[in-house]
Amino acid sequence: MTAPLIECQNYINGQWVAASGETLESRNPSDWRDVVATFPRSSAADVDAAVAAARKAFKSWRLVPAPARAEIIYRVGELLLQHKEKLAQLISREMGKPLTEARGDVQEGIDCALYMAGEGRRMFGQTTPSEMPNKFAMTMRIPVGVCALITPWNFPVAIPCWKAFPALICGNTVILKPAEDTPTCVHYLSQLFHKAGLPNGVVNIVHGLGEETGRALVEHPDVNLVSFTGSSETGAEVGSVCGRTHKRSCLEMGGKNAQIVMADADLQLALDGAVWGAFGTSGQRCTATSRLILHRDIKEEFTNLLLERVHQLRLGLGTDPQTEVGPLINSAQLQRVNHYLEIARAEGTKVLTGGETANTENLAHGFFFQPTVLDRVTPEMRVAKEEIFGPVVGLIEVGSFEEAIAILNNTPYGLSSSVYTRDVNLAFQAMRDIEAGITYINGPTIGAEVHLPFGGMKQTGNGHREVGTAALDVFTEWKTVYVDYSGSLQRAQIDNRD
């Protein structure tokens, strides 16, 4: 039985607004014949309406006490919990990830809501002694203003929550532009925002294409901040526009993450981490493990263990409870992964398993790619340095810990990293020397927690971090306040000493 078609609408100033022009379709990547929803191809005029609503609402929302704002965010978290299974089913249908992962996607949104609600009573500034007598000095956080939140398709509930909740708790208003591959998940989220009692205009949602709707948001003169998650190429354009127009930007972009396995590692534990890190979400995570850096003493044994496990992975529809690896998001992504396999073969790698589109009978109408392991990968190959964003992992052999660290760092990215070793000294050296925003010791490269900063170095981002208390630094401005109660002019930074 085919599920009913959903009509997604823009959500502007507390109202769902039908498309003023053309509509687009969202299709199930497990079976492209299944049209999940239609959604608006929003124009610059739609963006103008959303920004105007957010600008108007900001005047009053910023004055609502942070603990009161927190109560509403907490209610959103409760609603997410109540609707968790329905949302997870929708994520699996629209994005393709297995149900177990889809439930985790919603749970991240719940966790973020509850955590950020607590920050409503912990948005601390500082007090500090003044250099002058009878003078008080302190700092306080104030909201930035109207925030454009541009989110990807791979975590269609979690990442919108990651961005929206800290922005709102800080007193900003937002316009959320979801990825065109997963509009329905955010349309559902808009209903929960509305039900929780957010005032009109505080959250607005505009659907559409990145090069049209997204660009209009980034370039809009009344948008004060842009938070973007996506490709490094698009992120560079977003950063360029924001720099030119003096907007604050928070960019979370690509990764080429590696897991090091040393000779003394617990190989079964490292195997679990490698399989989950490389093939979870079909490799479509910015934190996915795309390189396995293996010490030569254990490489052959570990490779055999890895191949045995990969051969057992169940590829299938995201909504099938037995599925472990789902489809890629769309035909363009499938073509991209196929293209990188052509590059890998031309560069001289050996495909140990996979390497082809999966199109058996039950997968024939989806965008499936076989879980793939590449051997004989060298550090300078394109497949060792460029982000593939699919279920592909390359094996690189090393002879020492120092060589492993050097190879891990030898990419333009610096998001996540992992080291498996029983040697505590090596573990601490890895924590010190790896050029990445996240390092796991004896754990996979994926698995961020919402109370810790998320983000990376080098071309992975622009220095900001998401979630955790670090997100408050993205969505607030620092204001320094002096109160002079001396009753006379005191000139700071002047040498008053006799």
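None of these values were measured; they are calculated from a predicted model.

K.L.:
I'm lost on the overall build of the protein in this one. Help?
P.N.:
Broken down by element type, the protein carries 15 helices and 22 strands. At 24 Å, the protein has a C-alpha radius of gyration in line with the 23 Å of a compact globule built from 498 residues. Taking the principal axes of the C-alpha coordinates as reference, the protein spans close to 80 × 65 × 40 Å. Across the 498 residues in the protein, those meeting the buried criterion constitute 57%. For the protein, the proportion of contacts with a sequence separation of at least 24, taken over those separated by at least 6, is 75%. Total accessible area on the protein is roughly 20,800 Å²; 51% of this is exposed by carbon and sulfur atoms.

K.L.:
When you look at the pairing of strand 14 (residues 289-295) in this model, what are you seeing that I'm missing?
P.N.:
Regular strands place their side chains on alternate faces of the sheet. Taking burial as the measure, the seven residues of strand 14 include seven buried ones, the bulk of the element. As judged from the five bridges shared by strand 13 (residues 257-261) and strand 14, these two strands associate in the parallel manner. Bridge assignment links Q259 to a residue of strand 14, and that residue is L292. Considered for its hand, the β-α-β crossover made up of strand 13, helix 9 (residues 267-279) and strand 14 is right-handed. Bridging between strand 14 and strand 17 (residues 392-398) involves five bridges; their strand directions are parallel. The partner of L294 across the bridge, within strand 17, is E397.

K.L.:
Just checking my understanding: could you explain the pattern of salt bridges for this structure?
P.N.:
Opposite charge on two side chains lets them pair, provided their charged atoms get close. Per the stated rule, a full pass over the model turns up 24 salt bridges. Linked by salt bridges that have partners in common, E22, R41 and E212 make up one network.

K.L.:
Where do I start with the sheet that holds strand 1 (residues 6-7) in this structure?
P.N.:
Two modes of strand pairing occur in sheets, parallel and antiparallel, and in both the strands are linked by backbone hydrogen bonds. Read from one edge of the open sheet, three strands run 1-5-4, paired in mixed fashion. The sheet is open, and its two edges are formed by strand 1 and strand 4 (23-28), each paired on a single side. Two elements, strand 1 and strand 5 (residues 31-40), share two bridges in a ladder whose sense is parallel. Within the sheet, the bridge partner assigned to E7 lies in strand 5 and is T38. Set on the sheet, helix 3 (residues 84-95) makes contact with strand 1, strand 4 and strand 5; between it and strand 5 the angle comes to about 110°.

K.L.:
What am I meant to see in the nonpolar core here?
P.N.:
When a protein is soluble and globular, its nonpolar side chains tend to lie buried together. If you look at the biggest cluster of nonpolar residues, it comprises 75 residues, and the most contacted ones within it are L80, F165, L168 and F193. Every residue in contact with L80, bar those within four places of it in the chain, is listed here: L87, V106, G109, I110, V157, C161, F165, L189 and L192. Core analysis: the next-biggest nonpolar cluster, separate from the first, contains 32 residues, M262, L328, I396 and V419 among them.

K.L.:
How should I be thinking about the side chain of N204 in this particular structure?
P.N.:
One can find N204 in strand 10 (residues 203-205). Within the local environment of N204, its side chain forms a polar contact with the backbone nitrogen of N13, the two atoms lying 2.9 Å apart. In this structure N204 touches Y11, I12, N13, A50, A53, A54, V174, I175 and L176, once residues within four positions along its chain are discounted.

K.L.:
Explain the state of the cysteines to me, please; I cannot follow it from the model alone.
P.N.:
Simply put, disulfide is the name for a covalent bond between the sulfur atoms of two cysteines. Within the structure shown, the criterion is met by zero disulfides. The thiol of C8 is not disulfide-bonded; the next cysteine sulfur, from C185, is found 8.9 Å away. Free cysteine: C170, not disulfide-bonded; nearest cysteine sulfur from C147 at 8.7 Å. Taking relative accessible area as the criterion, C170 reaches 3% and is therefore assigned buried.

K.L.:
Sorry, what's going on with the sheet that holds strand 7 (residues 135-143) here?
P.N.:
Strand order in the open sheet made by the three strands is 6-7-22, with antiparallel pairing throughout. In the strand order of this sheet, the two ends are held by strand 6 (126-129) and strand 22 (476-484), each with one partner. Here the strands of the sheet are splayed against their neighbours by 20° on average, with no regard to which way each runs. Relative to strand 22, strand 7 runs antiparallel, the two sharing nine bridges. Residue R141 lies in a different strand from strand 22, and its bridge partner there is W478.

K.L.:
Can you help me understand unusual backbone geometry in this one?
P.N.:
The phi angle of most residues is negative, glycine excepted, and most peptide bonds adopt the trans form. One non-glycine residue, N13, adopts positive backbone phi at about 55°. Accessibility expressed as a relative area gives 37% for N13, which makes it partly exposed. Its identity as a non-glycine residue notwithstanding, H246 has a phi of 60°, on the positive side. Of note, H246 is situated in the loop between helix 8 (232-245) and strand 12 (248-252).

K.L.:
Honestly, helix 8 in this entry has me stumped. Any pointers?
P.N.:
Three or four residues apart is the spacing at which side chains of an α-helix point the same way, because the helix has 3.6 residues per turn. In a regular helix each residue adds 1.5 Å, so 14 residues correspond to 20 Å; helix 8 covers 20 Å between its end C-alpha atoms and thus fits that length. Looking only at helix 8, the buried set comprises S232, G235, V238, V241 and C242. Looking one or two residues beyond helix 8, the residue adopting positive phi is H246, at roughly 60°.

K.L.:
Hey, could you run me through the environment of P453 in this one?
P.N.:
Along the chain, P453 falls in the loop between strand 20 (438-441) and strand 21 (457-458). Expressed as a C-alpha distance, the spacing of P453 and H311, which sit 142 residues apart in the sequence, is 35 Å. Excluding residues within four positions of it along the chain, P453 makes contact with R465, E466, V467 and A470.

Calculation criteria
- Residues numbered from 1 in each chain as written.
- Predicted model: local features only at pLDDT ≥ 70, side-chain atom pairs only at ≥ 80, totals over all residues.
- Heavy atoms only, no water.
- Helix = DSSP H or I, 4+ residues; strand = E, 2+ residues; numbered from the N terminus.
- Rg over C-alpha atoms; globule rule 2.2 N^0.38 Å.
- Buried < 20%, exposed > 50% of the residue type's maximum accessible area, 1.4 Å probe, protein only.
- Contact = heavy atoms within 4.5 Å.
- Areas by Shrake-Rupley, 256 points an atom, 1.4 Å probe, with all protein chains shown as cover.
- Pairing = 2+ DSSP bridges.
- Right-handed = clockwise from strand over helix to strand, strands pointing away.
- Salt bridge = Lys/Arg side-chain N within 4 Å of Asp/Glu carboxyl O.
- Axes fitted to C-alpha atoms, helices over the stretch in contact; angles between N-to-C directions.
- Core = buried A, V, L, I, M, F, W, Y, C linked by side-chain atoms within 4.5 Å.
- Polar contact = N/O pair within 3.5 Å; in protein donor to acceptor, adjacent residues only side chain to side chain.
- Disulfide = S-S within 2.5 Å.
- Expected span 1.5 Å × (residues − 1).

On their own, these measurements won't tell you what the molecule is for.
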